[in-house]
Amino acid sequence: MHLTTTQALLALALLAGPLSAQEPPSEETIEFFSLNCKSCHTIGGGRLTGPDLKGLGERRDRDWVVRFLQDPASVLNGGGEYEQKLLADANGTYMPDLPGIDAARASKLYDLILAESALEKSQFAGVQVSDRPLTEADVERGRRLFLGAERFKNGAPACISCHTTAGLPGLGGGVLGPDLTAAYGRLEGRTALTAWLSAPPSATMQPVFAKRSLEGEEILALVAWLQHEAEGGDFESSPRSLPFVLAGIAAAGALLVLFDIFWRGRFRGVRRPLVHGGNEA
Amino acid sequence: MNSIMNDYLFFGVLPYVSLAIFFLVTISRYRQQTFTYSSLSSQFLENKQHFWGSVPFHYGILIVLAGHLIGFLFPSWILSWNAAPVRLAFLEISGLAFGILTLVGLLVIVVRRWMNIKVRRVTTISDWLVYALLILQVSTGLAIAVHLGWGSSWFATSLAPWLWSLLHLSPEVSFIGPLPLLVKLHIINAFVLIGFFPFTRLVHVLVVPNPYLWRKTQVVRWNWDRERLRQS
């Protein structure tokens, strides 16, 4: 069979038509979902901190999702029954703002969720969480990882740089990030906390952890430590800034005294030494 | 979106503008006005108060700046050191102490400049501006140390990679975007100071006679007859 150029072009256009309508999600969209969404949501793997997104297309239309992704808090606050249920299911936890989101990207994310929902098993069906029982050794390893006494294999910084828990010794941990004493309960337990740690989505942590992800056993140890801390029941980490400030002031005072001693023979003026010298003579 | 634009402006553009001004003006001023490279010290006008200003300020700021530099060049050293809570506490308390020394020294210097009429007469508008910027810089630094500890660790994890990205000419402002306003203010003011540096007496930092510290001692001999000079 011989085709004319027009016929060939027509055939190509027919072939390309349906393909472009179901354009596969771009690598960039998949990566965005991995970095920002999968630590709280699965697609077909059940609820984590946020709801399972499988079948989102049947629950919400594109317009709602695009609005929601660009400003979750205002949609949740200004919404009706559905939005209130979302908040209630998440124990009142708001979805954080997504870095670098705009309408176009939100729309692509909606397409990705629809495409993954249609699959029998989505690549975002959830991280494989080991369900082995956590031991005392895990708690101890988790504590060491939290403090930085044992370094994370991929070079991620120790939790104490920015976080504290009630059970830490001395001046405790950093305060740039939230106190994690109650994090185990806040993130609804082992499964969700594991998913969260597998790709920390907060704006501060994401750039730091994007290339330095935690390994499965490290995550389990941290979960064990945070569970241990949450079970301590002491959710009030004592404020430790006062002893820190007092120590700083005392050290500065001691240094001033040292300066005075070290430079005791310093030049203090012309007149007084002359007068003193005169008296002595 | 707007805040992303601002972040890019402050943490992706301002540093380059400041550094460009720093290098160009520093070099051209050295070539054209060599003898203005001085701290214009007022020590000879009054030395009693000056000791309690100049000494704590200089030792304080030198140590604090050295700490920032080590955090930038060798972030992994800092993280290794901070791996034991006792060492972390030691580093943070030392940093705070030298920060307090810097602020105490700075305040003594400023009060002396204002109260001592002879010293005030030789003080320019640019000097007052430098003081204002320095007070803002040191006090935001202290506020960060107290309210957002432990900065030595998170400087190594969040700020060092951003500084290196500036050096690689592809600024990754996402490291800075989510940080608290206090930290952003400290960083912006630091680059304003760097840009303002070459127009001020701060240039003396570049011409400190460091070799004095390690050169051999010199014996000075007069090779003329001082008696005759006096009588002539």
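This structure is a prediction, so every number in the text was calculated from the model and none was measured.

Draft legend 1. Spotlight on the overall build of chain A. Each helix and strand counted, chain A has 14 helices and zero strands in total. The buried share of chain A, reckoned over its 281 residues, is 39%. A separation threshold of at least 6 residues defines the contact pool for chain A, and within that pool the share at least 24 residues apart is 63%. Within the structure as shown, chain A displays about 16,000 Å² of accessible surface, and the carbon and sulfur contribution to it stands at 59%.

Draft legend 2. Spotlight on the overall build of chain B. Helix and strand content of chain B: nine helices and zero strands. Taken from N to C terminus, the helices and strands of chain B fall in the order α-α-α-α-α-α-α-α-α. Taken along the three principal axes of its C-alpha coordinates, chain B extends 80 × 40 × 40 Å. Across the 232 residues in chain B, those meeting the buried criterion constitute 43%. A separation of at least 24 residues holds for 77% of the contacts in chain B among residues at least 6 apart in sequence. For chain B, the computed accessible surface area is about 13,800 Å², with 71% contributed by carbon and sulfur atoms.

Draft legend 3. Structural view of the domain arrangement of chain A. All names here are of chain A. Partitioning chain A into structural domains gives domain 1 (22-117) and domain 2 (127-263). Each partner contributes residues to the interface: domain 1 has 13 residues there, and domain 2 has 11 residues. Each partner contributes to the roughly 1,000 Å² buried at the junction of domain 1 and domain 2, and carbon and sulfur atoms together form 58% of this total. By the criterion of area lost to domain 2, the three top residues of domain 1 are L35, S39 and L48, representing 44% of everything that side buries. The interface formed by domain 1 and domain 2 holds zero salt bridges in total. On inspection of domain 1 and its partner domain 2, the count reaches two residue pairs in polar contact (both at pLDDT 80 or more). Per element, the largest residue contribution to the side of domain 1 that touches domain 2 is three residues, and it comes from helix α2 (residues 27-36).

Draft legend 4. Looking closely at the environment of A115(A). Looking at the element boundaries, A115(A) is found in helix α7 (residues 103-118). Here the alpha-carbon distance between A115(A) and E23(A), two residues 92 residues apart in the chain, equals 9.8 Å.

Draft legend 5. Examining a nonpolar patch on the surface more closely. Side chains of Y8(B), L9(B), F10(B), V13(B), V17(B), I21(B) and F199(B) sit close together on the surface and give an oily, nonpolar patch of about 600 Å² of accessible area. Position of I21(B) among the secondary structure elements: in helix α1 (residues 2-32).

Draft legend 6. Representation of the nonpolar core within the structure. In terms of nonpolar packing, the biggest core is built from 83 residues, with F146(A), L214(A), L222(A), W154(B), W162(B) and I187(B) touching the most fellow members. Apart from the residues within four sequence positions on either side, L214(A) is in contact with F152(A), A156(A), L197(A), F209(A), I219(A) and L222(A). Counting residues in each nonpolar core, the second largest holds 23 residues, with L56(A), F68(A), L69(A) and I101(A) among its members.

Draft legend 7. Expanded view of the side chain of D7(B). Residue and element names in this part refer to chain B. In this fold, D7 is placed in helix α1. On the accessibility criterion, D7 (12% relative accessible area) is buried. One polar contact links D7 to K184, side chain to side chain, over a distance of 3.3 Å. When residues no more than four places from it in sequence are discounted, the contact partners of D7 are G12, V173, G177 and K184.

Draft legend 8. Looking closely at the interface of chain B and chain A. Taken together, the contact pairs 38 residues of chain B with 37 residues of chain A. Interface area for chain B against chain A, summed over the two sides, is near 3,200 Å², with a carbon-plus-sulfur share of 76%. For the pair chain B and chain A, the number of links is zero salt bridges. Counting every contact that joins chain B to chain A gives three residue pairs in polar contact (both at pLDDT 80 or more). Listing elements by their share of the side of chain B that touches chain A, those giving two or more residues are α2 (48-73), α3 (75-81), α4 (85-115), α6 (125-147) and α7 (151-167) of chain B. Of all the elements, α4(B) adds the most residues to the side of chain B that touches chain A, at 10 residues.

Draft legend 9. A look at the pattern of salt bridges. All names here are of chain A. Throughout the structure, instances matching the rule amount to 11 salt bridges over all chains. Across the salt bridge formed by D111 and R62, the nearest N and O atoms sit 2.7 Å from each other. Of this pair, D111 sits in helix α7 while R62 is found in helix α4 (residues 62-70), placing the two residues 49 residues apart along the sequence. The structure contains a network of salt bridges with shared partners spanning R132, D138 and E217.

Draft legend 10. How the structure looks around helix α8 (residues 136-147) of chain A. Between the first and last C-alpha of α8(A) there are 17 Å, a value that for 12 residues agrees with the 16 Å anticipated at 1.5 Å per step. Those residues of α8(A) lying buried are D138(A), V139(A), G142(A), L145(A), F146(A) and L147(A). The inward-facing, buried residues of α8(A) contact α12 (216-231) of chain A together with α4 of chain B. Remark: G148(A) follows α8(A) within two positions and exhibits a positive phi of approximately 95°.

Draft legend 11. Examining empty space enclosed by the protein more closely. One pass over the full model with this rule turns up one cavity of 30 Å³ or more. Of the pockets and cavities examined, the largest cavity occupies roughly 70 Å³. Considering only residue class, the lining of the largest cavity consists of six nonpolar, four polar and one charged.

Draft legend 12. Representation of the side chain of N189(B) within the structure. Residues and elements named next belong to chain B. Of note, N189 is situated in helix α8 (residues 181-196). According to the relative accessible area criterion, N189 is buried, its value standing at 5%. Within the structure, N189 has its side chain in polar contact with the side chain of Q137 (distance 2.9 Å). Not counting chain neighbours up to four residues away, the residues in contact with N189 comprise L133, L136 and Q137.

Reading guide: rules and limits
- Residues numbered from 1 in each chain as written.
- Chains lettered and ligands numbered in written order.
- Predicted model: local features only at pLDDT ≥ 70, side-chain atom pairs only at ≥ 80, totals over all residues.
- Heavy atoms only, no water.
- Helix = DSSP H or I, 4+ residues; strand = E, 2+ residues; numbered from the N terminus.
- Buried < 20%, exposed > 50% of the residue type's maximum accessible area, 1.4 Å probe, protein only.
- Contact = heavy atoms within 4.5 Å.
- Areas by Shrake-Rupley, 256 points an atom, 1.4 Å probe, with all protein chains shown as cover.
- Domains from an automatic or database assignment.
- Buried area = accessible area lost by both parts, 1.4 Å probe.
- Salt bridge = Lys/Arg side-chain N within 4 Å of Asp/Glu carboxyl O.
- Polar contact = N/O pair within 3.5 Å; in protein donor to acceptor, adjacent residues only side chain to side chain.
- Patch = residues over 30% accessible without salt bridge, like charges linked within 9 Å, V, L, I, M, F, W, Y side chains within 5 Å.
- Core = buried A, V, L, I, M, F, W, Y, C linked by side-chain atoms within 4.5 Å.
- Expected span 1.5 Å × (residues − 1).
- 1 Å grid on protein atoms, 1.4 Å probe; cavity = no way out; pocket = protein on both sides within 12 Å on 5 of 7 lines; lining within 4 Å.
- Points joined across faces, edges and corners; volume = space filled by probe spheres on them.
- Nonpolar A, V, L, I, M, F, W, Y, C, P; charged D, E, K, R; others polar.

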